[in-house]
Amino acid sequence: AVVLSVFLIVSCSSGDSGSGSVNKTPHHGAVVEINQDSLLNIGKEIAAKSANALGGKLKAAMKAGGPQNAVSFCSEAAMPIIDSLSNEFGVTVQRVAKRNRNPKNILDEASLAVFDEMESLLAEGKELHPVLKQENEQSVFYAPIVLKGMCVTCHGTEAEISESTRELIQTNYPNDAAIGFMPGELRGLWKITF
């Protein structure tokens, strides 16, 4: 069952819009219909709130102490923030990547297929959009994480990452594969399992 508190009230219509399948979810003793379009919209809202929560704290850490402070923040606080967002929204929120820094963010087979598809679309110059997939009888939302300019200080080429930052990354993430990116490249995916 999908338990989504506020998002069910705000985002879901009372009737079926005719697109996608409909899930019946208990909410305060009532039956609420959630179609696939509604889940896609809820996923977009959760991904945006998650990106803002994590990104805002990351920017503050960067401003307070530069890239080294940002690496320390990510190694200590990123996963607890993601876990708290999962609890807040009643879903599983993850950041997954093909070239990951944290081994807990590895792509499974289904996520890899979505990543590869989005990477191909980006290479063809097409715009990326979030998608909703059915996996193991669950609805799973994916949204692209595209590398922004400021991110090259920790995820860019070796020339863009200072030696002290590289050393700290290697200390915290000995098997790091999340470097060598350029702005605009697909860095990873938000994955939200309902």
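Further up the page is the structure itself.
Please read these numbers as outputs of a predicted model, since none were measured by experiment.

> Before we move on, could you go through the layout of surface pockets and cite the residues and values that matter?
In this model, the largest pocket occupies a volume close to 980 Å³. Of all the secondary structure elements, the ones that give two or more residues to the lining of the largest pocket are helix 2 (36–89), strand 3 (92–96), strand 5 (138–146), helix 4 (152–155) and strand 6 (186–193). No other element matches helix 2, which puts 14 residues into the lining of the largest pocket. Along the lines of polarity and charge, the residues of the lining of the largest pocket split into 21 nonpolar, nine polar and five charged.

> So what's going on with the nonpolar core? Residues and values would help.
The biggest cluster of nonpolar side chains holds 20 residues, and the ones touching the most others in it are Ile46, Ile192 and Phe194. Of all elements in the fold, only helix 2, strand 5 and strand 6 reach the threshold of two or more residues within this core. Counting residues per element, this core draws most heavily on helix 2, at 13 residues. Counting residues in hydrophobic clusters, the runner-up holds 10 residues, among them Val114, Phe115, Val140 and Tyr142.

> Account for the pairing of strand 5, naming residues and giving values.
On a regular strand, one side chain projects to one face of the sheet and the next to the other, so that they alternate. The sheet contact formed by strand 4 (residues 131–135) and strand 5 spans five bridges and is antiparallel. Bridged to Val131 within strand 5 is Tyr142. Here strand 5 runs beside strand 6; their pairing, made up of seven bridges, is antiparallel. Across the sheet, Tyr142 pairs through a bridge with Lys191, a residue of strand 6.

> With reference to specific residues and values, describe the packing of aromatic side chains.
Following the criterion strictly, the structure yields zero aromatic pairs and no others. Positioned over the ring face of Phe181 is Arg99, at 3.8 Å from the centre of the ring.

> Can you lay out the side chain of Arg187 for me, pointing to particular residues and giving the numbers?
Within the element layout of this structure, Arg187 appears in strand 6. Notably, Arg187 is buried but unbridged: the nearest opposite-charge side chain belongs to Asp176, and the N-O separation is 6.3 Å. In this structure Arg187 touches Ala97, Arg99, Arg101, Phe115, Ile145, Val146, Leu147, His155, Ala178 and Phe181, once residues within four positions along its chain are discounted.

Parameters at a glance
Residues numbered from 1 in each chain as written. Predicted model: local features only at pLDDT ≥ 70, side-chain atom pairs only at ≥ 80, totals over all residues. Heavy atoms only, no water. 1 Å grid on protein atoms, 1.4 Å probe; cavity = no way out; pocket = protein on both sides within 12 Å on 5 of 7 lines; lining within 4 Å. Points joined across faces, edges and corners; volume = space filled by probe spheres on them. Helix = DSSP H or I, 4+ residues; strand = E, 2+ residues; numbered from the N terminus. Nonpolar A, V, L, I, M, F, W, Y, C, P; charged D, E, K, R; others polar. Core = buried A, V, L, I, M, F, W, Y, C linked by side-chain atoms within 4.5 Å. Buried < 20%, exposed > 50% of the residue type's maximum accessible area, 1.4 Å probe, protein only. Pairing = 2+ DSSP bridges. Phe/Tyr/Trp six-rings, centres within 6.5 Å; stacked < 30°, edge-to-face > 60°. Lys NZ or Arg CZ within 6 Å of the ring centre and 35° of its normal. Lys, Arg positive; Asp, Glu negative; His and termini not counted. Salt bridge = Lys/Arg side-chain N within 4 Å of Asp/Glu carboxyl O. Contact = heavy atoms within 4.5 Å.

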